[in-house]
Amino acid sequence: DVKVTQSSRYLVKRTGEKVFLECVQDMDHENMFWYRQDPGLGLRLIYFSYDVKMKEKGDIPEGYSVSREKKERFSLILESASTNQTSMYLCASSLRGRNYGYTFGSGTRLTVV
Amino acid sequence: GIQVEQSPPDLILQEGANSTLRCNFSDSVNNLQWFHQNPWGQLINLFYIPSGTKQNGRLSATTVATERYSLLYISSSQTTDSGVYFCAVEGVGGYNKLIFGAGTRLAVHP
C-alpha cells in the first residue's frame with residue numbers, strides 16, 4: 001500500500017531546541033509539502049518542494065527551514081522551537097501536474113514547552 | 001493570495017440526514033479538491049473537481065468555476081462521516097500547491 005510516513009506521531013520539545021520532522025513517501029512523487037494545522041485556521045502551507053534540492057516558501061515559512069536531499073524524503077526543521085510552533089504538522093506528496101494525487105501522512109502533533 | 005471560505009464552520013446531524021457544505025474562493029483556480037479528515041487526523045482525498053459534478057456513493061460534489069464556489073453533498077449521513085471537511089484550491093500558476101479553507105466540522109449522531 002502506497003503511503004506517506006511521518007516519523008513521529010507525538011513529539012514534545014523544549015523551547016530553543018532544534019527540531020527535525022521527517023517525512024518519507026514511497027510513491028515516487030515529485031512534489032512534497034509541509035503544512036501546519038491549527039484550530040479554526042485549516043491547513044497552512046509552510047514549505048514545498050517540486051524536486052530534489054529544490055524548495056519554495058509557502059505562506060508561513062518564518063521560523064522553519066526544509067531539506068530535500070533525496071526524492072522520497074522531505075524534512076522540516078524548526079531552527080529554535082518556540083511555544084507558538086505547537087501544532088499539528090502534516091506532510092503531503094503529489095505527482096507533478098496531477099493534483100488529485102495528493103496523499104497525506106498521518107501527522108505529527110508537536111508540543112513545545 | 002487566493003482566499004478560501006467554507007461554510008458552515010460546524011454542523012451537527014442525526015444519522016440519515018442530508019447536508020450541503022459550501023466552499024467559496026476568491027480567484028480563478030486550476031484545481032479544487034475536497035478532503036475528509038477523520039477523528040484520528042488522517043486526511044483523505046474525496047474529490048478532484050475544478051469544475052462540473054462528480055459522485056462517489058453517498059457523496060457528490062459540484063464546482064461552478066465561473067461563480068467561484070463548490071458544494072459537497074452528503075446524503076443519508078452515517079456516524080463514520082464525522083470529522084472535518086476541507087476544501088482546497090490551487091490558483092492559476094500555483095506550482096501544484098493547495099490553499100486550504102478553515103474546514104467544516106461535522107458531527108453525525110446515531
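Cut-off values and rules
- Residues numbered from 1 in each chain as written.
- Chains lettered and ligands numbered in written order.
- Predicted model: local features only at pLDDT ≥ 70, side-chain atom pairs only at ≥ 80, totals over all residues.
- Heavy atoms only, no water.
- Helix = DSSP H or I, 4+ residues; strand = E, 2+ residues; numbered from the N terminus.
- Rg over C-alpha atoms; globule rule 2.2 N^0.38 Å.
- Buried < 20%, exposed > 50% of the residue type's maximum accessible area, 1.4 Å probe, protein only.
- Contact = heavy atoms within 4.5 Å.
- Areas by Shrake-Rupley, 256 points an atom, 1.4 Å probe, with all protein chains shown as cover.
- Lys, Arg positive; Asp, Glu negative; His and termini not counted.
- Charge placed at Lys NZ, Arg CZ, Asp CG, Glu CD.
- Pairing = 2+ DSSP bridges.

Enquirer: Explain the overall build of chain A to me, using residue names and the numbers behind them.
Expert: Helix and strand counts for chain A stand at zero helices and eleven strands. Its C-alpha radius of gyration of 13 Å places chain A within 12% of the 13 Å reference for a compact globule of 113 residues. Scored against the burial criterion, the 113 residues of chain A give a buried share of 49%. For chain A, long-range pairs separated by at least 24 residues make up 56% of all intrachain contacts whose partners lie at least 6 apart in sequence. As displayed, chain A has an accessible area near 5400 Å², and 49% of this comes from carbon and sulfur atoms. Between the averaged position of the 17 positive side-chain charges in chain A and that of its 14 negative side-chain charges there is a distance of 3 Å.

Enquirer: Quick one: what's the story with the pairing of strand β4 (residues 29–37) of chain B, residue by residue and with numbers?
Expert: Residue and element names in this part refer to chain B. Counting buried positions along β4 yields eight of nine residues, so the element is predominantly enclosed. Bridging between β4 and strand β9 (residues 83–91) involves eight bridges; their strand directions are antiparallel. Counterpart to Leu32 in the pairing with β9 is Val89. What sits between β4 and strand β5 (residues 43–48) in their antiparallel hairpin is a turn of five residues, with Gly41 showing a positive phi close to 95°.

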